[in-house]
Amino acid sequence: MMLDFTQNAIDAACFEIEERPVTFEGFDGETGYKGLFRKDTGKLLKVHQNSYTLLTNESVINAQYDAIKKANVSQDFDFNVHCLDEGRKLKVEILFNDVTIEPEVGDYVKFRATAFNSYDGSWAFQNQTDGLRLWCTNGCTSADTIARVWARHTTHLNVTGEAERIANGLDVFMNQKELWDEYRKTPINLDQAAHFFKTEVVPTKSKVEEGTFNKKQATRLIEQLGAECEALGRNKWALYNCLTHWASHTQDSKLPEGVTRDREQAIAKAMRSKAWHAIAA
């Protein structure tokens, strides 16, 4: 078993949280709100209503580790802990090194289990399984989320339930190669793909104009699709590669992990749309 987490990473994520009631000068009553502070630095992480239940990073890390052991997927895995945004967000990522699919010769995808947590309310606790493509040095995340669960914050996590979800996700993952083979056999229309980007992947909301979209990101996607088609052919596999490239290449963002997660969710939603299933030349 190869464990890729260090005690420093664990310690960085497992700082103590202090809850303090929110008060106002000259007001003696209950405000109904409390602030979450890092006990080590005194930094305010977020103000929540008193009904907010704290789920600690330590609980999530321990539950995820216990769940992958109980799921017994493989003994060869890397366990990575990422503490983000000054401690407001947590990502726990497990890569199973010997559980892989080879969609094409030399193109490998590893089975991955990921858990998320946050103290600022932006990330509810989430556990998901998917694949991580390894064809470039930055990695390229699969847009196909296999199994996902969202949960309200609670003081207790069901390790058995998390383990079952990971095991079920593995069963689906091992059948993904057939889907990817089908993508390579499916030619696409480039204009239709561009319309898909604008309407399903990067649409924006506007009260005065319909059909608005993020022009900068749509242009990036269209340009990347051209590069993928040159390398892989004008097919749905190239389109899929384009989407995963966009999701993972976020290194210029202020919070790359957060942007990647947002893009993965946008892609997963887009790939469930009728437009995705209808794309073909």
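Below, the discussion takes up the overall build of the protein chain. In terms of regular secondary structure, the protein chain is built from nine helices and nine strands. A separation threshold of at least 6 residues defines the contact pool for the protein chain, and within that pool the share at least 24 residues apart is 60%. Here the protein chain has roughly 14,600 Å² of accessible surface; of this, 48% comes from carbon and sulfur atoms.

This part covers the environment of Ile 267. Topologically, Ile 267 is positioned in helix 8 (residues 256-270). Spatially, the C-alpha atom of Ile 267 lies 7.0 Å from that of Leu 243, the residues being 24 residues apart in sequence.

The next thing to look at is the packing of helix 4 (residues 176-185) against helix 7 (residues 236-248). For the pair helix 4 and helix 7, the least separation of the axes is 5 Å and the interaxial angle reads 115°. The pairing of helix 4 with helix 7 is recorded here as roughly perpendicular in orientation. Together, Trp 180, Tyr 183 and Arg 184 of helix 4 and Lys 236, Trp 237 and Tyr 240 of helix 7 make up the contact between the two elements.

On inspection of all chains with the given rule, the structure shows 14 aromatic pairs. Both rings, one in Trp 180 and one in Trp 237, keep their centres 6.1 Å apart while their planes meet at 55°; by these two values the pair is tilted. Taken as a pair, Trp 180 in helix 4 and Trp 237 in helix 7 lie far apart in primary sequence, 57 residues in all. We classify Trp 237 as buried; its relative accessible area is 1%. Residues Trp 180 and Tyr 240 carry aromatic rings whose centres are separated by 6.2 Å and whose planes lie at 40° to one another, so their mutual orientation is tilted. With Trp 180 in helix 4 and Tyr 240 in helix 7, this residue pair connects regions lying 60 residues apart in the sequence.

Of note, the phi angle at Asn 72 is positive, near 55°, even though the residue is not glycine. Mapping Asn 72 onto the fold places it in the loop between helix 2 (57-71) and strand 4 (77-84). Looking at Asn 72, the relative accessible area reads 53%, which means it is exposed. If you check the backbone angles, Glu 86 has positive phi at about 60° while not being a glycine. With respect to the helices and strands, Glu 86 occurs in the loop between strand 4 and strand 5 (89-104).

This next bit is on the pairing of strand 3 (residues 44-49). Both strand 2 (residues 33-38) and strand 3 contribute to a ladder of five bridges, which runs antiparallel. Across the sheet, Phe 37 pairs through a bridge with Leu 44, a residue of strand 3. Where strand 2 folds back onto strand 3 in an antiparallel hairpin, the turn is made up of five residues, including Gly 42, whose phi is positive at roughly 80°.

Bringing a nonpolar patch on the surface into the picture now. Taken together, Tyr 33, Leu 44 and Val 47 make up a surface patch of nonpolar side chains, about 240 Å² in accessible area. With respect to the helices, strands and loops of the structure, Leu 44 is situated in strand 3.

Take helix 5 (residues 190-201) next. Considered for burial, the residues of helix 5 that qualify are Ala 193, Ala 194, Phe 196, Phe 197 and Val 201. Along the axis of helix 5, the buried positions cluster into a sector of 155°, meaning they face one direction only. Residues of helix 5 that are exposed and point over 90 degrees away from its buried face: Asp 191 and His 195. Buried residues belonging to helix 5 abut helix 6 (215-232), helix 7, helix 8 and helix 9 (274-278). Where helix 5 begins, one side-chain oxygen reaches toward the backbone nitrogen of Asp 191, 2.9 Å away; that side chain belongs to Asn 189.

Turning our attention to the sheet that holds strand 1 (residues 17-21). Strand order in the open sheet formed by three strands is 1-2-3, and the pairing between neighbours is antiparallel. Each end of this open sheet is capped by a strand with a single partner; those strands are strand 1 and strand 3. Ignoring which end each strand starts from, the neighbouring axes of this sheet average 25° apart.

Scoring rules and cut-offs
- Residues numbered from 1 in each chain as written.
- Predicted model: local features only at pLDDT ≥ 70, side-chain atom pairs only at ≥ 80, totals over all residues.
- Heavy atoms only, no water.
- Helix = DSSP H or I, 4+ residues; strand = E, 2+ residues; numbered from the N terminus.
- Contact = heavy atoms within 4.5 Å.
- Areas by Shrake-Rupley, 256 points an atom, 1.4 Å probe, with all protein chains shown as cover.
- Axes fitted to C-alpha atoms, helices over the stretch in contact; angles between N-to-C directions.
- Parallel < 35°, antiparallel > 145°, perpendicular 65-115°, else oblique.
- Phe/Tyr/Trp six-rings, centres within 6.5 Å; stacked < 30°, edge-to-face > 60°.
- Buried < 20%, exposed > 50% of the residue type's maximum accessible area, 1.4 Å probe, protein only.
- Pairing = 2+ DSSP bridges.
- Patch = residues over 30% accessible without salt bridge, like charges linked within 9 Å, V, L, I, M, F, W, Y side chains within 5 Å.
- Salt bridge = Lys/Arg side-chain N within 4 Å of Asp/Glu carboxyl O.
- Arc of directions from axis to C-beta.
- Polar contact = N/O pair within 3.5 Å; in protein donor to acceptor, adjacent residues only side chain to side chain.

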